[in-house]
Amino acid sequence: QSSVLHKFKGVIFSTMSSEELLNSLDSFEAREDDVFLVSYPKSGTHWIAKVIENIPNARITLTPPIELGDISKFEELKTYCERRVIPTHLSYSMLPMNVKQKPCKIIYIIRNPKDIAVSFYHYYRDNPNLPSIETWHEFFELFLKGDVVYGSWFDHVLSWEEHKNAKNILIISYEEMKKDPSKNIKKIATFLGLNMTDSEINQIVWKTSFAEMKNNTAKENCDPNHTICALTSNRNLVFRKGAVGDWINYFTSKQKRVFDELFTEKMKHSELAKHFGDYS
Ligand code: A3P
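None of these values were measured; they are calculated from a predicted model.

Visitor: Describe the packing of aromatic side chains, listing the residues and the values that go with them.
Guide: Considering all chains together, one arrives at 30 aromatic pairs under this definition. With a centroid separation of 6.3 Å and an interplanar angle of 80 degrees, the aromatic rings of F8 and F13 are classed as edge-to-face. Neither residue differs from the other here; F8 and F13 are each classed as buried. Relative to F259, the ring of F143 has its centre 6.5 Å away and its plane inclined at 20 degrees; by these criteria the two rings are stacked. Residue F143 is located in helix α6 (residues 136-145), and its partner F259 is located in helix α13 (residues 253-266); the two are separated by 116 residues in the primary sequence. In this structure, F143 and F259 share a single accessibility class: buried. The residue whose ring lies beneath K100 is Y92, and the NZ or CZ to ring-centre distance is 4.5 Å.

Visitor: An account of the pattern of salt bridges is needed here, citing residue identities and associated values.
Guide: Scanning all chains against the criterion turns up 13 salt bridges. Put simply, E220 and K50 hold a salt bridge, and the shortest N to O gap is 2.6 Å. With E220 in helix α12 (residues 217-220) and K50 in helix α2 (residues 45-53), this pair connects stretches of sequence that are 170 residues apart. Classification of E220 by relative accessible area gives buried; the value is 17%. Note on K50: relative accessible area 13%, which makes it buried. Between E271 and K274 there is a salt bridge, with its nearest N and O atoms 3.1 Å apart. You can call K274 exposed: its relative accessible area is 56%.

Thresholds, definitions, all that
Residues numbered from 1 in each chain as written. Predicted model: local features only at pLDDT ≥ 70, side-chain atom pairs only at ≥ 80, totals over all residues. Heavy atoms only, no water. Phe/Tyr/Trp six-rings, centres within 6.5 Å; stacked < 30°, edge-to-face > 60°. Buried < 20%, exposed > 50% of the residue type's maximum accessible area, 1.4 Å probe, protein only. Helix = DSSP H or I, 4+ residues; strand = E, 2+ residues; numbered from the N terminus. Lys NZ or Arg CZ within 6 Å of the ring centre and 35° of its normal. Salt bridge = Lys/Arg side-chain N within 4 Å of Asp/Glu carboxyl O.

This is the structure in structure tokens:
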């Protein structure tokens, strides 16, 4: 195993998430108005974070990921005065106990796993905080086995799926966001108890478009505290293609078959899985 990774409770993490911090997650003190922005890596976390940040008069502050850093994290998180929006790639089982006991709002982002695999492959290649990977084929095998940071996509989604009907959880899909950003931005704002006019929504659609976000990378990189993903604070690594269906350029027909078989088996009881039917 590479020096940039370590295993915690059988799941691979970056060494930027210290073992001590991961061990102490249950000592995090949640506030009732906290919002958790949860996703498996490469599901569109930076995008949704940007949407939330742009809601006018939201009085929120985006914090760094809860699992990034060492044990001093909890003290740091106490210093935020405004309503906190806390990003994380943790599975449901690892989410701090206190968050589950309070009515904290949780937004869980989902994305077609084939597109995630391709996006993740590029992240592994470009991100110095992840081990080097030679070929797509090699990465595909690791992804299938869940031998990647944050573990198996299937386990992650299934851990959250169990809670999808809780009224404090909102599921947002990357593909739906692409298809109808206004509708989904409105959904997010309403869920957070915030109102917006149509023109404010249109403004956010524009500001959070892939092209606009990619163009602003250099500007936003100046703020090292503005970290959304515990695997990097370098936004140059994030905005790659921003498309639905790029998997078709990478999966061989055999890989598609193998993946679909595993998907069918693992996701046979999943309601969320139906969403991906349109994209495979
Ligand atoms: P690709 O690698 O397929 O381009 P995360 O933020 O969870 O790390 O997810 C990153 C993925 O979301 C990348 O996918 C990135 O390009 C895409 N993304 C980021 N901002 C986006 C936007 N405004 N619109 C569409 N896709 C976006």
